[in-house]
Number of protein chains: 2
Amino acid sequence: MGVPVSSANSLAVEDLGSAAQRDRRKRILDATIALASQGGFDAVQMRSVAEKADVALGTLYRYFPSKIHLLVSALQREFERTESTLRERPIDGDTTADRVINVLKRTTRGMQSDPQLTEALTRAFMFADASVAAEIHQVGMLLTSMLTRVMYPEGDHRLTEEDVAIARVIGDVWLSALVGWVTGRSSAAETGQQIEVAVKLLLRD
Amino acid sequence: MGVPVSSANSLAVEDLGSAAQRDRRKRILDATIALASQGGFDAVQMRSVAEKADVALGTLYRYFPSKIHLLVSALQREFERTESTLRERPIDGDTTADRVINVLKRTTRGMQSDPQLTEALTRAFMFADASVAAEIHQVGMLLTSMLTRVMYPEGDHRLTEEDVAIARVIGDVWLSALVGWVTGRSSAAETGQQIEVAVKLLLRD
DNA sequence: AACTGAAGTGGAACGTGTTCCTATTTTAGA
DNA sequence: TCTAAAATAGGAACACGTTCCACTTCAGTT
């Protein structure tokens with residue numbers, strides 16, 4: 001058992017020994033983002049990704065066992081970036097609710113500025129089946145922890161179960177709102193509204 | 001332009017003139033449910049559905065323009081059944097929260113008793129893109145109205161915007177929980193728990 | 001009863017995700 | 001340095017969603 005959890009799934013960065021391999025992985029994800037950004041989910045075709053990343057199709061599948069794994073991994077990388085950006089700058093807003101709303105709206109605006117990319121990543125996330133559970137779980141944790149940190153920026157706050165539950169519910173609403181926006185059911189404004197209402201319902205302190 | 005809205009989408013029951021057509025539509029949805037129930041999303045193959053429904057592939061596509069439309073329409077029919085069953089029997093529970101929790105848990109249990117079918121329908125619903133917006137919207141409305149009715153069983157209650165917002169949030173959480181269960185990220189017990197916590201947070205009266 | 005357009009049949013064909021195979025290159029260890 | 005194993009390249013082949021086409025059947029009109 002030298003190989004960890006990810007053996008059955010995407011090759012995580014930690015699993016990759018050589019610099020060349022890390023570079024290949026990066027090239028693949030870059031190509032994925034570029035194609036998604038330009039043409040959305042349908043434009044991310046495995047042959048195109050392979051070609052753009054200058055990698056054989058078989059190699060692509062060795063790194064990411066399916067299109068969904070690939071896209072969810074891309075989402076994960078993007079999300080980690082967002083999260084670390086967020087970690088740096090202070091969060092403005094007096095109340096807990098305000099801070100959460102600010103952060104979510106800012107993040108949502110960011111995603112809406114690249115609709116095709118958001119469509120691709122969101123749909124992959126939602127379509128993922130059990131085989132992608134590990135990656136999905138990662139993203140879910142990241143989202144929840146991002147939210148709890150925004151709720152309680154002081155590092156010393158001890159999270160109750162209720163805090164975590166609230167963060168989870170907010171995350172759920174955010175995802176639903178995003179799906180609604182991606183599928184053209186709701187406008188950007190409505191999406192923001194939807195999140196704001198939910199947060200205010202949940203965080204009335 | 002004799003054909004209404006649904007021209008670009010699935011043929012709704014109302015659009016179908018002859019009894020033979022209504023019957024074909026029914027056969028197709030029955031076949032879909034049967035296949036989904038047996039093998040989930042992947043087992044619902046358009047050729048199999050056509051064969052099982054005793055209909056040509058082209059005809060299947062005339063009735064439902066894509067696999068996703070087909071599955072979402074099946075979901076809609078199932079959901080309407082659930083809803084009308086629910087409408088008959090009285091809802092037990094003293095508080096609003098209790099009633100909502102009871103109904104959601106009962107419904108969830110029902111879905112969990114046929115995991116493959118639930119997987120197929122849920123994934124189709126989540127994967128749907130803009131072209132299925134009409135059908136998805138229908139289902140969303142049905143869910144929200146089902147929830148508000150459970151919240152206020154007396155017909156005379158006047159719904160506030162907040163009531164509707166709460167119903168929507170609960171619906172979002174329910175969907176997320178379902179997706180989590182379908183993808184093996186959470187157990188049936190956790191799913192119930194998740195819903196219960198959210199409802200209690202939102203309906204503390 | 002014959003005519004006409006819509007609906008249905010049967011099946012070929014195409015695109016893209018996925019798998020698989022062989023030859024070549026790279027890497028690690030002796 | 002040499003060699004075996006692992007990784008990659010290149011690409012054929014397969015599966016299933018989707019499209020398309022030629023033909024037949026059906027329903028309504030004259």
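Residues numbered from 1 in each chain as written. Chains lettered and ligands numbered in written order. Predicted model: local features only at pLDDT ≥ 70, side-chain atom pairs only at ≥ 80, totals over all residues. Heavy atoms only, no water.

## Some remarks on the relation of the copies chain A and chain B
Mapping between the two chain copies consists of a rotation about an axis together with a translation along that axis. The transformation that overlays chain A on chain B combines an axial shift of 0.0 Å with a rotation of 180 degrees, and the residual RMSD is 0.0 Å. On this basis, the relationship between the two copies can be described by a two-fold rotation axis. Same-surface contact between copies: 100% of interface residues of chain A are shared with the interface of chain B. (Least-squares fit on C-alpha atoms with pLDDT ≥ 70 in both. Contact = heavy atoms within 4.5 Å.)

## Things to note about the protein's contact with DNA strand C
Around DNA strand C, the structure places 17 residues, and the nearest of them are R47(A), K67(A), A56(B), T59(B) and Y63(B). Each atom of DNA strand C within 4 Å of the protein belongs either to a base or to sugar and phosphate, the latter forming 68%. Between DNA strand C and T59(B), the relevant distance is 2.5 Å, taken from a phosphate oxygen to a side-chain nitrogen or oxygen of the residue. Every element with two or more residues in the surface near DNA strand C is listed here: α2 (46-53) and α3 (57-63) of chain A together with α1 (19-43) and α3 (57-63) of chain B. Looking at which element gives the most residues to the surface near DNA strand C, the answer is α3(B), with 3 residues. The residue makeup of the surface near DNA strand C, split by class, is 7 nonpolar, 4 polar and 6 charged. (Near = heavy atom within 4 Å. Polar contact = N/O pair within 3.5 Å; in protein donor to acceptor, adjacent residues only side chain to side chain. Helix = DSSP H or I, 4+ residues; strand = E, 2+ residues; numbered from the N terminus. Nonpolar A, V, L, I, M, F, W, Y, C, P; charged D, E, K, R; others polar.)

## As for the environment of F41(B)
Tracing the backbone shows F41(B) in helix α1. Each C-alpha atom of the pair F41(B) and E78(B) lies 16 Å from the other, and the pair is 37 residues apart in sequence. For F41(B), the residues in contact, after removing those within four places along its chain, are F127(A), K67(B), I68(B), L71(B), E119(B), A120(B), R123(B) and A124(B).

## A short note on helix α7 (residues 133-151) of chain B
Helical geometry note: an α-helix holds 3.6 residues per turn, so side chains three or four residues apart project in the same direction. Residue and element names in this part refer to chain B. Its 19 residues give α7 an end-to-end C-alpha distance of 27 Å, which sits within 8% of 27 Å, the value for a rise of 1.5 Å per residue. Listing the buried residues of α7 in full gives A133, E135, I136, V139, L142, L143, T144, M146, L147, T148, V150 and M151. For α7, the secondary structure elements touched by its buried residues are α4 (67-88), α5 (96-112), α6 (115-127) and α8 (161-182). (Expected span 1.5 Å × (residues − 1). Buried < 20%, exposed > 50% of the residue type's maximum accessible area, 1.4 Å probe, protein only.)

## Some details on the interface of chain A and chain B
Listed by partner, the interface residues are 26 residues for chain A and 26 residues for chain B. The junction of chain A with chain B conceals about 2,600 Å² of combined surface from both sides, 64% of it contributed by carbon and sulfur atoms. At the boundary of chain A with chain B, the tally comes to 0 salt bridges. The tally of links between chain A and chain B comes to 4 residue pairs in polar contact (both at pLDDT 80 or more). At 8 residues, helix α8 (residues 161-182) of chain A tops the list of elements feeding residues into the side of chain A that touches chain B. Of the residues that constitute the side of chain A that touches chain B, the class distribution is 15 nonpolar, 4 polar and 7 charged. (Buried area = accessible area lost by both parts, 1.4 Å probe. Salt bridge = Lys/Arg side-chain N within 4 Å of Asp/Glu carboxyl O.)

## Some remarks on the side chain of T108(B)
Residues and elements named next belong to chain B. Within the secondary structure, T108 is located in helix α5. Relative accessible area serves as the criterion here: at 4%, T108 is assigned to the buried category. Looking at T108, its side chain comes within polar contact range of the side chain of W174, at 2.9 Å. Ignoring any residue separated from it by four or fewer positions in sequence, one finds T108 in contact with W174, L178, T191 and I195.

## Remarks on the protein's contact with DNA strand D
The immediate surroundings of DNA strand D are formed by 17 residues, with R24(A), A56(A), T59(A), Y63(A) and R47(B) found nearest. Of all atoms in DNA strand D that approach within 4 Å of the protein, 69% are sugar or phosphate atoms. The backbone of V44(B) places a nitrogen or oxygen atom 3.4 Å from a phosphate oxygen of DNA strand D. Listing elements by their share of the surface near DNA strand D, those giving two or more residues are α1 (19-43) and α3 of chain A together with α2 (46-53) and α3 of chain B. Broken down by element, the residue count for the surface near DNA strand D peaks at 3 residues, all from α3(A). Here the surface near DNA strand D is composed, by residue class, of 7 nonpolar, 4 polar and 6 charged.

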